[in-house]
Amino acid sequence: MSALSELYEEISLCRQCEIAKYRNKVVPGEGAEDADIMFIGEAPGWHEDQQGRPFVGPAGLYLDQLLASINLKREQVYIANVIKCRPPGNRDPLPSEMQECHKWLQRQIELISPKMIVTLGRYSMALFFSGKSISKIHGTAQKQDNIIYYAMYHPAAALHQQSLRQAIEADMLKIPPLLAQAESIAPAKQQPQQLNMFET
Ligand code: URA
């Protein structure tokens, strides 16, 4: 059993916060264990909670299309969320839930060791780009400790708003050249900083 599969077992047993009571299935994440790119969304929705897989509803279908636009399939990347259980009624994640759940995401990042972390939406962005606004920093990259951090809008938001849709599609197309030029991206002066958390 891989270290990642063992981690999934641990995550599936987690009952640290209230929302574990309401989940149908835990949604740890999925994808290539040696992925270069890791996408981090917000939290499972209804479809994800039913299937135990991330991004399998309408936002996920759109994410698949975005990946196809750069010739990638979801199996070639890694997809996870800030929190692993669906918040009841699809409410936003609470800071306490993000805090409790962060250890799992941290372990996933350590095990996968991606070259690039793409944050989808402002909750995920807030973990790595403290105090920034997504409308200002989407489509820009920063490097720290040899990981490129790249912020994008959430696919669900972009599905419903034409201007965001253009932005997310353009931002996706920048990923391959960024990865190819990883060496030349200047290290961030102070950001991003993992665990600059919970200031959404
Ligand atoms: N939205 C998310 O942020 N994550 C999912 O897995 C599905 C929808």
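Residues numbered from 1 in each chain as written. Predicted model: local features only at pLDDT ≥ 70, side-chain atom pairs only at ≥ 80, totals over all residues. Heavy atoms only, no water.

Student: What am I meant to see in the packing of aromatic side chains here?
Tutor: Any aromatic ring pair is given by two values, namely how distant the centres are and how the planes are angled relative to each other. Per the stated rule, a full pass over the model turns up 1 aromatic pair. Ring geometry for phenylalanine 128 against tyrosine 149: centres 5.3 Å apart, planes inclined by 40°, an arrangement best described as tilted. Highlighted residues: phenylalanine 128 in helix 5 (residues 122-128) and tyrosine 149 in strand 6 (residues 147-152), separated in sequence by 21 residues. With respect to class, phenylalanine 128 is no different from tyrosine 149; both count as buried. (Phe/Tyr/Trp six-rings, centres within 6.5 Å; stacked < 30°, edge-to-face > 60°. Helix = DSSP H or I, 4+ residues; strand = E, 2+ residues; numbered from the N terminus. Buried < 20%, exposed > 50% of the residue type's maximum accessible area, 1.4 Å probe, protein only.)

Student: What exactly am I supposed to notice about helix 8 (residues 162-173) here?
Tutor: Turn by turn, an α-helix covers 3.6 residues, leaving residues three or four places apart pointing in a common direction. Given a rise of 1.5 Å per residue, 12 residues ought to cover 16 Å, and the 17 Å separating the end C-alpha atoms of helix 8 matches this to within 8%. Buried residues belonging to helix 8 abut strand 2 (37-41), helix 3 (58-68), strand 6, helix 7 (155-160) and helix 9 (175-180). (Expected span 1.5 Å × (residues − 1). Contact = heavy atoms within 4.5 Å.)

Student: Is there a simple way to think about the pattern of salt bridges in this case?
Tutor: Side-chain pairs of opposite charge can arise whenever the charged atoms involved come near each other. Throughout the structure, instances matching the rule amount to 9 salt bridges. Between aspartate 64 and arginine 74 there is a salt bridge, with the nearest N and O atoms lying 3.1 Å from each other. Residue aspartate 64 is found in helix 3, and its partner arginine 74 is found in the loop between helix 3 and strand 3 (78-81); the two are separated by 10 residues along the sequence. (Salt bridge = Lys/Arg side-chain N within 4 Å of Asp/Glu carboxyl O.)

Student: Help me understand the site of the ligand in this model?
Tutor: Every residue lining the ligand is accounted for by Gly41, Glu42, Ala43, Glu48, Pro54, Phe55, Asn81 and His154. Separating an oxygen atom of the ligand from a backbone N or O atom of glutamate 42 is a distance of 2.7 Å. With respect to the ligand, the side chain of asparagine 81 contributes an N or O atom lying 2.8 Å from a nitrogen atom. The residue makeup of the shell around the ligand, split by class, is 3 nonpolar, 3 polar and 2 charged. (Near = heavy atom within 4 Å. Polar contact = N/O pair within 3.5 Å; in protein donor to acceptor, adjacent residues only side chain to side chain. Nonpolar A, V, L, I, M, F, W, Y, C, P; charged D, E, K, R; others polar.)

Student: In this structure, what is going on with the environment of leucine 72? I would like to understand it.
Tutor: Here leucine 72 is to be found in the loop between helix 3 and strand 3. Here the alpha-carbon distance between leucine 72 and leucine 159, two residues 87 residues apart in the chain, equals 20 Å. When sequence neighbours within four positions are dropped, the list of residues in contact with leucine 72 reads Ile37, Leu67 and Val77.

Student: What am I meant to see in the pairing of strand 6 here?
Tutor: Remark: a regular strand shows side chains that alternate across the two faces of the sheet. The element strand 6 is largely enclosed, with a buried count of 6 among its 6 residues. Residues of strand 6 alternate between two faces, with Ile147, Tyr149 and Ala151 on one and Ile148, Tyr150 and Met152 on the opposite face, all of them buried. Sheet analysis places strand 4 (residues 116-120) next to strand 6, joined by 5 bridges and oriented parallel. Within strand 6, the residue paired with valine 118 across the bridge is tyrosine 150. Note: strand 5 (residues 141-144) against strand 6, 4 bridges, orientation antiparallel. Counted as the bridge partner of glutamine 144 is isoleucine 147 from strand 6. In sequence, strand 5 turns back onto strand 6 through a hairpin of 2 residues, with aspartate 145 there showing a positive phi of about 45°. (Pairing = 2+ DSSP bridges.)

Student: I would appreciate a short explanation of the side chain of lysine 143 in the present structure.
Tutor: In this fold, lysine 143 is placed in strand 5. A distance of 2.8 Å separates the side chain of lysine 143 from the backbone oxygen of alanine 182, its partner in a polar contact.

Student: Hey, could you run me through the packing of helix 3 against helix 8 in this one?
Tutor: For any two helices packed against each other, the geometry comes down to the angle between their axes and how far apart the axes lie. Where helix 3 contacts helix 8, the two axes come as close as 9 Å, and the packing angle between them is 45°. On the basis of their axis angle, the class for helix 3 and helix 8 is oblique. When the axes of helix 3 and helix 8 are compared, the crossing they make is right-handed. When helix 3 is examined against helix 8, the residues Tyr62, Leu66 and Leu67 are found in contact with a partner set consisting of Arg165, Ile168, Glu169 and Met172. (Axes fitted to C-alpha atoms, helices over the stretch in contact; angles between N-to-C directions. Parallel < 35°, antiparallel > 145°, perpendicular 65-115°, else oblique. Left-handed = near helix turned anticlockwise from the far one by under 90°.)

Student: Honestly, the state of the cysteines in this entry has me stumped. Any pointers?
Tutor: Covalent bonding between the sulfur atoms of two cysteines is what defines a disulfide. In this structure the tally under the stated criterion is 0 disulfides. Looking at cysteine 17, it has no disulfide partner, and the nearest cysteine sulfur is the one in cysteine 101, 6.1 Å off. (Disulfide = S-S within 2.5 Å.)

Student: Would you explain unusual backbone geometry in this entry?
Tutor: Generally, phi is negative for residues other than glycine and the peptide bonds are trans, each holding for most cases. The backbone phi angle of serine 113 is positive, close to 50°, even though this residue is not glycine. As for its position among the elements, serine 113 is in the loop between helix 4 (95-112) and strand 4. Positioned with a positive phi, asparagine 146 is a non-glycine residue whose angle comes to about 70°. Assignment of secondary structure puts asparagine 146 in the loop between strand 5 and strand 6.

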